[in-house]
Amino acid sequence: MTDSKYFTTTKKGEIFELKAELNSDKKEKKKEAVKKVIASMTVGKDVSALFPDVVNCMQTDNLELKKLVYLYLMNYAKSQPDMAIMAVNTFVKDCEDPNPLIRALAVRTMGCIRVDKITEYLCEPLRKCLKDEDPYVRKTAAVCVAKLHDINAQLVEDQGFLDTLKDLISDSNPMVVANAVAALSEIAESHPNSNLLDLNPQTINKLLTALNECTEWGQIFILDCLANYTPRDDRESQSICERVTPRLSHANSAVVLSAVKVLMKFMEMLPKDLDYYGTLLKKLAPPLVTLLSAEPELQYVALRNINLIVQRRPEILKHEMKVFFVKYNDPIYVKLEKLDIMIRLASQANIAQVLAELKEYATEVDVDFVRKAVRAIGRCAIKVEQSAERCVSTLLDLIQTKVNYVVQEAIVVIKDIFRKYPNKYESVIATLCENLDSLDEPEARAAMIWIVGEYAERIDNADELLESFLEGFHDESTQVQLQLLTGIVKLFLKKPTETQELVQQVLSLATQDSDNPDLRDRGYIYWRLLSTDPVAAKEVVLAEKPLISEETDLIEPTLLEELICHIGTLASVYHKPPSAFVEGSRGVQHKRLPGSAGSGESVESPEPVSAAVPEATPSVIPSQEDLLGDLLNLDLTPPTTTGPPPPSSGLQMGAMDLLGGGLDSLLGGDLGGNPAMGPGFAAPPSSMPQSFPAPASRGLDDLFDLSGGVGIPAGAYCPPKTVWLPAVKGKGLEISGTFTRRSGVIQMEMTLTNKAMSVMTDFAIQFNRNSFGLAPAGPLQVLTPLSPNQNIEVALPLNTLGPIMKMEPLNNLQVAVKNNIDVFYFSCQYPMSVLFSEDGKMESKVFLVTWKDIPNDNEAQFQIKDCHLNSDAASNKLQGSNVFTIAKRTVEGQDMLYQSLKLTNGIWVLAELKVQTGNPTFTVSLKCRATEVPQAVFQSYEAILKN
Amino acid sequence: MIGGLFIYNHKGEVLISRVYRDDIGRNAVDAFRVNVIHARQQVRSPVTNIARTSFFHVKRSNIWLAAVTKQNVNAAMVFEFLYKMCDVMTAYFGKISEENIKNNFVLIYELLDEILDFGYPQNSETGALKTFITQQGIKGQTKEEQSQITSQVTGQIGWRREGIKYRRNELFLDVLESVNLLMSPQGQVLSAHVSGRVVMKSYLSGMPECKFGMNDKIVIDKQGKGGGTDDQSIAIDDCTFHQCVRLSKFDSERSISFIPPDGEYELMRYRTTKDIILPFRVIPLVREVGRTKLEVKVVIKSNFKPSLLAQKIEVRIPTPLNTSGVQVICMKGKAKYKASENAIVWKIKRMAGMKESQISAEIELLPTNDKKKWARPPISMNFEVPFAPSGLKVRYLKVFESKLNYSDHDVIKWVRYIGRSGIYETRC
């Protein structure tokens, strides 16, 4: 029987022919036709047009044909949801079939049809199948729950399938248990906080029993699930380890690796002085070595994991160096990984062997591998002091080969050796200098220059050598330029008499002719140092260097711990946490190793016992954290404090104290405790007897607003229009504009003026990414063509759903406007007040907690001069722009307003406004978790109050 | 879990495409073809991440099998599954080739549906699968047969079905070892190990309980002097077992007990590094005469009982890329210079123990101005010997079947030892 013929049909009109065949009366012909359809589907042809005809073939007692039709259904049901309903009846009927294989097939396929309408029909059959008498059907149904959950999580919960699934963990059949565990683990992953996989000693015991009986794949599911459990104490930990260790002899490498994961994790809890701890360590080595005789792909996975294990527990494999020796026929990815581990395991005991091997590798063909081998020799020298001399001579041998990339790599590592062992191997410098001309890689050139500069006093022609590099200074990479600058300055400090000209030359090249700020700055520093105090310069430039570390490329400890919890998985292959490559919520929980419960000296890094518990920050406003995170993630530079640091004067401290006390008193939490807060308590914010009549002020504002020509309700601040795009730059188009916020809608109001001679049409607008995601909510509506000397007012509604990128200043907005003439770019700044949202009034209680919660470093203080308002008027004005006064207190003639506002992206800003009667200078203290926000908010404060 | 599985031919055309998860789109098929199969460089990793989608691939001759996922899956499991998939396909239709895959695509889809559900590997034992995935339909089965199938597929002994009957109860044990060596030019052993497999072919009736014993040092030492006196025991570094072996029993008592699958399977794998009998020793001598000539002399010595015969001996002596001509003289066997393989291949059909043989060759080189030195790959060797280089001996394999009336004595047992060369290299 040859089915390959189905792949070869490519003629036109094929679909039509197939249609006829599918509707044929002959069973054989039908089956042939379906096969052809599947073959076409495989090679990527669209055969969805045949949907009704294929589904018609479903009612058959030929199982092979049925399976083919199901395969088709799974592929195309989604594109033809209405047609797919036709299939439901057959499914439901099949779920009742006396043959368990057919029941299972139906429930398995139904779960793969991702059509909402079908899932409703699926529930009843699924419920029955979960309780089927046949284990084959139950194990299939268990997986089906996970499928359904993926389509409609709510439905699964509502129908109580999760509880049924949990019950299956106690099933008598090991495969049902294993599939139920797999399904539950996956569902639990998308609900990080649910206690779905309620692992307790009883369930663990059930799992361990099933572990001995189920298939190799089932063992993997169970072991991976076990790894998420945190034992209560070292006893339980040991007993689980004892029952898991037999798995280390399984033929399936994945079972072994998952067992290793469980053991590595639970071992953390065992006291190191326990005999069993030592036994366990010994038991781990042989299976890890055995993994290296598996197929190359698995070897690769194993090696990536061993790399982690060796970093966490070097003692396990310290005697197994030989197995990591590279074989001539190993694939390159295995070779590179082995090399990495060899370096990690290198010690005084085995260094001779390792070096001999590395020397062999350095003559191989693959460039990457050779380079890494050369580098490894250097690392051995640094790691094992006794071997340094041998390493250096090996490197010299390699340099003699004159193979370009070998020489360059060797020079780079010799530089590190010089740093580690100063004044020891300088005799080789002459050999190095011979190869100067062949160096074409920046790293090697930089290393060579460093060596020449560092040992300038011993190299007679150091000045000539360095000068030779100087000729093409501007073509060098920054790395080399910086090194050359430092090198020549060193040379000058060592041999001042003959190199004055050279140093002048390099300083002027670096400072005057370069546009690289780093280079320029370094140049200027040297220049000033040399011209003011050469002695100090010597002390600075020729200072003793800090030691370089022995180990390189170590994974950062917290990441390492997390990766140990992911042994065997992709995360351990990539050496990245799952969140780095998995989309959505899955696998984003950070796993941690459990802490030791045993003797005190047992664990290197004392970790709290918090495995799999996400770090819950006690934040009052959780959404703010997230959004802030978003903002900062997009930030290219680490957040720095903007604005002047708050002066730590007594006044400041006093204000803080008063604030704390005052707010406490408002909440009634601390009644009568502190006499100083008496007045604040006596004067509730709403009734200020001597205040300027507030309604009048409001009315006045309104009048002003009306006279401005643009009706702004509720007195929201609106800056006057400014010219954004002058006509000169806009080829005759002048744009002036401003931003407003009216009942929650941000608008960009523009006046477009045509100062050119021709008519302008086809206006369109676009924003660049900006700090708060401002974007046009609709197209720019300029309905009529703009004739010469005409102007038009346009209001463009905005939303904050656009892409986000941090801008400098924060409220900067880059705009592109297009018309029939050209595209014009300009940037403008919007007042932050348009981003103050209407729901920015914080509960006073929350305010208090939040204020205390934000570190004092985040507080920024500003002064507003020449503001002739009293506190109530100020409060009203600010309220018009969605800055809400939450509380007010008066202390010795000074009014303090506590205010909150919320930006559209959920960032809260808390403020304290100090107004002293008769003093036109206001003081504003702003607190916000995002340190770059207050400066911009302050500008709005000033603008609103002064308007 | 696994989101999809694709099989491609060497050109990157899709032969099989089965998607299990919604997050894997049709474009994933193309992404792998473009980025891996059609990529010009050598494959730098068996795991590739393209646009947040991870691809695991293995190659069998010129067929690519790729598993795709977007989750943090168990990577070791995915590869084990891909190998298993290859085994299953081979068991069903022989060699994995484009022709065979196209001919059996319906069967492959059926298998993929069965052994991978929503990306979770399910029972993939060929013995069990063959009972109900037959390409013949399962119409004729009785109710009993059906429930027997399902209980076998899901059961504790998923690898064996009930009711097997043989007229003659027979079993074959093959101890297959591959001995690996890396030796320095001076004859110093840099690394040597044996990786061995015990392969069993069982034709036994019913559900026989088996117990396997070998000269494992730990077991012999435990039994004290009462054990075999002339038996040399060996230290096994590590061993792994087929899933039929009760691992917890091995862990506690170090006894190997199991109910075997029917037919051929691999009972165990092991590795030893101590006291290995190296069947051959290679003594190389390479002399560079000027810039255009190399003189090579290689002596091989056999190091085992004179009564035994080694077979299929092949010594491969690499030659530089700029070789223009080679003259070979050998005392025994045939030697040929193969320009396409850059090596002199010396073949000897048979060789008894404690003998030695020699080959000498003159290699003419073309003058080159290539600065890079010739890397001198090691001299490698292939052979087959009728003993186990690790020293492993089978002590017993006992069969108990309580329900049927045959005893251990009625079973005909055959044991055979074959030692083969693994990577057996001597640097020169």
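Just above sits the structure.
Note that the structure is a prediction, hence the values are computed from the model and not measured. (Residues numbered from 1 in each chain as written. Chains lettered and ligands numbered in written order. Predicted model: local features only at pLDDT ≥ 70, side-chain atom pairs only at ≥ 80, totals over all residues. Heavy atoms only, no water.)

**Points about the overall build of chain A**
Here's step 1: The secondary structure content of chain A amounts to 38 helices and 13 strands.
Here's step 2: By the burial criterion, 56% of the 947 residues in chain A qualify as buried.
Here's step 3: About 40100 Å² of surface is accessible on chain A, with carbon and sulfur atoms providing 52% of the total. (Helix = DSSP H or I, 4+ residues; strand = E, 2+ residues; numbered from the N terminus. Buried < 20%, exposed > 50% of the residue type's maximum accessible area, 1.4 Å probe, protein only. Areas by Shrake-Rupley, 256 points an atom, 1.4 Å probe, with all protein chains shown as cover.)

**Considering the packing of aromatic side chains**
Here's step 1: Enumeration according to the criterion identifies 30 aromatic pairs over all chains in this entry.
Here's step 2: Relative to Tyr-203 of chain B, the ring of Phe-172 of chain B has its centre 6.2 Å away and its plane inclined at 80°; by these criteria the two rings are edge-to-face. Within this pair, whereas Phe-172 of chain B is found in strand β8 (residues 170-183), its partner Tyr-203 of chain B is found in strand β9 (residues 189-203), the two being separated by 31 residues in sequence.
Here's step 3: We classify Phe-172 of chain B as partly exposed; its relative accessible area is 28%.
Here's step 4: Overall, Tyr-203 of chain B belongs to the partly exposed group, its relative accessible area being 29%.
Here's step 5: Positioned above the aromatic ring of Tyr-421 of chain A is the side chain of Lys-424 of chain A, whose terminal nitrogen or guanidinium carbon lies 5.4 Å from the ring centre.
Here's step 6: The aromatic ring of Tyr-92 of chain B is capped on one face by Lys-130 of chain B, whose charged end is 5.5 Å from the ring centroid. (Phe/Tyr/Trp six-rings, centres within 6.5 Å; stacked < 30°, edge-to-face > 60°. Lys NZ or Arg CZ within 6 Å of the ring centre and 35° of its normal.)

**What to know about the environment of Phe-55 of chain B**
Residue and element names in this part refer to chain B.
Here's step 1: Looking at where Phe-55 falls in the secondary structure, it is placed in strand β4 (residues 53-60).
Here's step 2: Judged by its relative accessible area of 1%, Phe-55 is buried.
Here's step 3: Phe-55 has contacts with Ala-28, Ala-31, Phe-32, Pro-46, Val-47, Thr-48, Ile-50, Ala-67 and Val-68, leaving out every residue within four places of it along the chain. (Contact = heavy atoms within 4.5 Å.)

**Points about the sheet that holds strand β12 (residues 908-916) of chain A**
In a beta sheet, neighbouring strands pair by backbone hydrogen bonds and run either parallel or antiparallel.
Residue and element names in this part refer to chain A.
Here's step 1: Read across the open sheet, the five strands follow the order β9-β13-β12-β11-β10; overall the sheet is antiparallel. Looking along the sheet, the strands with just one partner apiece sit at the ends: β9 (859-864) and β10 (884-891). Here the average twist between neighbouring strands, direction ignored, is 20°.
Here's step 2: Both β9 and strand β13 (residues 922-928) contribute to a ladder of six bridges, which runs antiparallel. (Pairing = 2+ DSSP bridges. Axes fitted to C-alpha atoms, helices over the stretch in contact; angles between N-to-C directions.)

**Notes on a positive patch on the surface**
Residue and element names in this part refer to chain B.
Here's step 1: Together, Lys-334, Lys-336, Lys-347, Lys-349 and Arg-350 make up a positively charged patch on the protein surface.
Here's step 2: If you list the elements that add at least two residues to the positive patch, you get β18 (334-338) and β19 (343-352).
Here's step 3: Ranked by residues supplied to the positive patch, first place goes to β19 with three residues.
Here's step 4: If you trace the backbone, Arg-350 turns up in strand β19.
Here's step 5: A relative accessible area of 48% means that Arg-350 is categorised as partly exposed. (Patch = residues over 30% accessible without salt bridge, like charges linked within 9 Å, V, L, I, M, F, W, Y side chains within 5 Å. Salt bridge = Lys/Arg side-chain N within 4 Å of Asp/Glu carboxyl O. Lys, Arg positive; Asp, Glu negative; His and termini not counted. Charge placed at Lys NZ, Arg CZ, Asp CG, Glu CD.)

**Some thoughts on unusual backbone geometry**
Here's step 1: Residues Glu-808 of chain A and Pro-809 of chain A are joined by a peptide bond in cis, for which omega reads -10°.
Here's step 2: Topologically, Pro-809 of chain A is positioned in the loop between β6 (791-799) and β7 (812-818).
Here's step 3: A positive phi is found at Asn-882 of chain A, a non-glycine position, where the angle reads about 70°.
Here's step 4: Tracing the backbone shows Asn-882 of chain A in the loop between α37 (871-880) and β10.
Here's step 5: The backbone of Phe-118 of chain B shows a phi angle near 55°, a positive value even though the residue is not glycine.
Here's step 6: Considering the arrangement of structural elements, one finds Phe-118 of chain B in the loop between β6 (116-117) and β7 (120-121).
Here's step 7: Overall, the relative accessible area of 3% leaves Phe-118 of chain B in the buried class.

**Thoughts on the state of the cysteines**
Residue and element names in this part refer to chain A.
Here's step 1: On inspection of all chains with the given rule, the structure shows zero disulfides over all chains.
Here's step 2: Here Cys-380 stays unpaired: no disulfide links it, and the sulfur of Cys-391, its closest cysteine neighbor, is 5.5 Å away.
Here's step 3: Residue Cys-380 is classed as buried on the basis of its relative accessible area, which comes to 1%.
Here's step 4: According to the relative accessible area criterion, Cys-391 is buried, its value standing at 0%. (Disulfide = S-S within 2.5 Å.)

**Quick notes on the pairing of strand β5 (residues 63-69) of chain B**
Residues and elements named next belong to chain B.
Here's step 1: In terms of burial, β5 is a largely internal element, seven of the seven residues being buried.
Here's step 2: On β5, burial covers both faces: Ile-63, Leu-65, Ala-67 and Thr-69 on one face and Trp-64, Ala-66 and Val-68 on the other are all buried.
Here's step 3: When strand β1 (residues 4-8) meets β5, the two strands line up antiparallel, connected through five bridges. Its bridge partner being in β5, Leu-5 is matched across the sheet by Ala-67.
Here's step 4: Pairing between β4 and β5: seven bridges, direction antiparallel. Looking at the pairing, Val-58 lines up with Leu-65 of β5.
Here's step 5: The hairpin turn running from β4 into β5, its antiparallel successor, is two residues long, and Ser-61 in that turn takes a positive phi close to 45°.

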